[in-house]
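Overview (structure and organization)
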Amino acid sequence: MAASFQVDVVSPEATVWSGEAELVTARTTEGDIGIMADHEPTMAALATGSAEIHTGSDKITVAVHGGFLQIYRNQVTLLSDRAEIVEGDADAARQQAEALRDAEEAAQEDQSE
Amino acid sequence: MASAELRLIRRRIRSVESTMKITSAMELIAASRIVRAQARVEAAQPYTDKLVEVISNVGAASGGASHPLLDIRERRVAGVLVVTSDRGLAGGYNSNVIRLAERRLIELRNQRTDTRLYCVGRKSNSYFRYRGYQIERSFLGVTDTPGYGDARAIANTILNEYAEEAVDSVDAFTTRYVSALTQTATEWPLLPIQPPAREQSADEIATGYTYEPNPESILNRLLPRYLEASVFGMLLEASASEHAARRRAMKAATEAAEELTKILSREANQARQAEITTEISEIVGGAEALTAG
């Protein structure tokens with residue numbers, strides 16, 4: 001069994017998910033990143049897409065739109081403007097993330113008018 | 001008939017009682033909303049905490065990063081953001097904040113500093129408009145249950161003004177939710193951003209970060225988020241304070257109404273008794289007259 005580490009997915013309105021995981025994949029502005037235990041300290045900007053959290057027994061898919069990823073002392077924090085847990089696979093999550101982005105763009109257009 | 005006075009008093013009792021029904025209902029509603037508003041304040045806390053942690057890490061790692069949003073520049077135009085509610089009946093909640101803000105506006109005018117005023121909530125909007133202040137931008141309908149989108153709209157507005165150098169600083173006047181019993185109107189500096197104090201010691205952060213893409217662009221993205229999160233936290237606290245203030249005001253009103261009905265029903269009893277006494281003495285007087293005749 002792979003070593004596990006602490007993962008928190010936090011959005012401004014609530015803590016979306018928090019727990020132990022063995023593997024996390026996420027999409028940053030530079031490309032996809034895979035994180036396992038004892039990753040070097042990293043700070044990355046998140047893009048719109050899906051993040052997957054693999055615990056030993058389960059896989060959680062989160063739709064993420066923007067935000068940051070911090071890896072520090074075996075603690076992974078996903079700080080996202082908008083994050084939602086999605087039932088289903090990565091494609092569903094990606095679609096959900098794009099829907100979040102579209103909703104936000106629509107809201108911003110409303111304001112500028 | 002002498003019952004005119006009695007009728008008037010009974011009518012007042014009815015009117016006070018129906019007002020009391022309204023105030024006690026409002027008290028109950030406000031009480032239930034405080035709980036929800038408080039839960040939202042707590043739910044937003046982890047995000048802000050993490051963001052502060054990230055910012056202090058990036059700041060330390062990039063060696064005292066400089067950024068336009070962090071620079072203190074000479075203040076020629078001061079931005080003032082006033083956070084009040086849309087509805088009244090909340091005791092001194094709105095007037096406390098407005099008083100604080102107006103005092104500052106006058107102070108700034110005496111120092112010959114120009115000001116730009118932004119209002120959140122209908123109450124501050126109408127107060128300042130009535131007194132001839134120019135309001136650059138007002139945000140209505142957000143204070144009851146503020147969403148992150150509302151915070152973002154406000155943060156974006158002041159960020160744009162700051163970037164265009166229309167203002168050189170922005171301070172918010174708002175109510176902080178200290179506890180269920182105390183809420184205080186305070187001044188909350190927003191821009192330039194004062195970087196959060198570092199909690200870790202320097203050697204702890206010395207472990208170099210790998211940045212994707214690079215520290216500058218991360219900081220560029222982080223600072224506006226931080227402002228948004230601050231504004232969001234501020235709105236949530238203001239909303240919790242509003243409900244707490246309203247609950248207190250309505251509780252006082254209900255108690256006052258109870259007291260008033262007590263006094264009024266005593267008066268009504270007295271009036272009724274006086275009426276009966278008159279009636280009896282009239283009857284007795286009439287009977288006396290008959291026997292005498």
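Because the structure is predicted, anything quoted here is derived from the model rather than measured.

All names here are of chain B. Structurally, Ala172 is set in strand 4 (residues 169-177). Residue classification places Ala172 among the buried residues on the basis of 26 C-beta atoms within 10 Å. Sequence separation of Ala172 and Glu187 is 15 residues, and the distance between their C-alpha atoms is 5.7 Å. Beyond its immediate stretch of four places on either side in the chain, Ala172 contacts Leu81, Val83, Trp188, Leu190 and Met234.

A separate point is the environment of Thr210(B). One can find Thr210(B) in strand 6 (residues 210-212). Beyond its immediate stretch of four places on either side in the chain, Thr210(B) contacts Glu40(A), Pro41(A) and Thr42(A).

Taken residue by residue, the interface counts 24 residues in chain B and 22 residues in chain A. Of all the secondary-structure elements, those providing two or more residues to the side of chain B that touches chain A are helix 1 (3-61), helix 4 (148-163), strand 6 and helix 6 (215-292) of chain B. No other element matches helix 1 of chain B, which puts nine residues into the side of chain B that touches chain A. Across the side of chain B that touches chain A, the residue classes tally to 16 nonpolar, five polar and three charged.

Parameters at a glance
Residues numbered from 1 in each chain as written. Chains lettered and ligands numbered in written order. Predicted model: local features only at pLDDT ≥ 70, side-chain atom pairs only at ≥ 80, totals over all residues. Helix = DSSP H or I, 4+ residues; strand = E, 2+ residues; numbered from the N terminus. Buried ≥ 20, exposed ≤ 12 C-beta atoms within 10 Å, placed from the backbone. Contact = placed C-beta atoms within 7 Å. Nonpolar A, V, L, I, M, F, W, Y, C, P; charged D, E, K, R; others polar.

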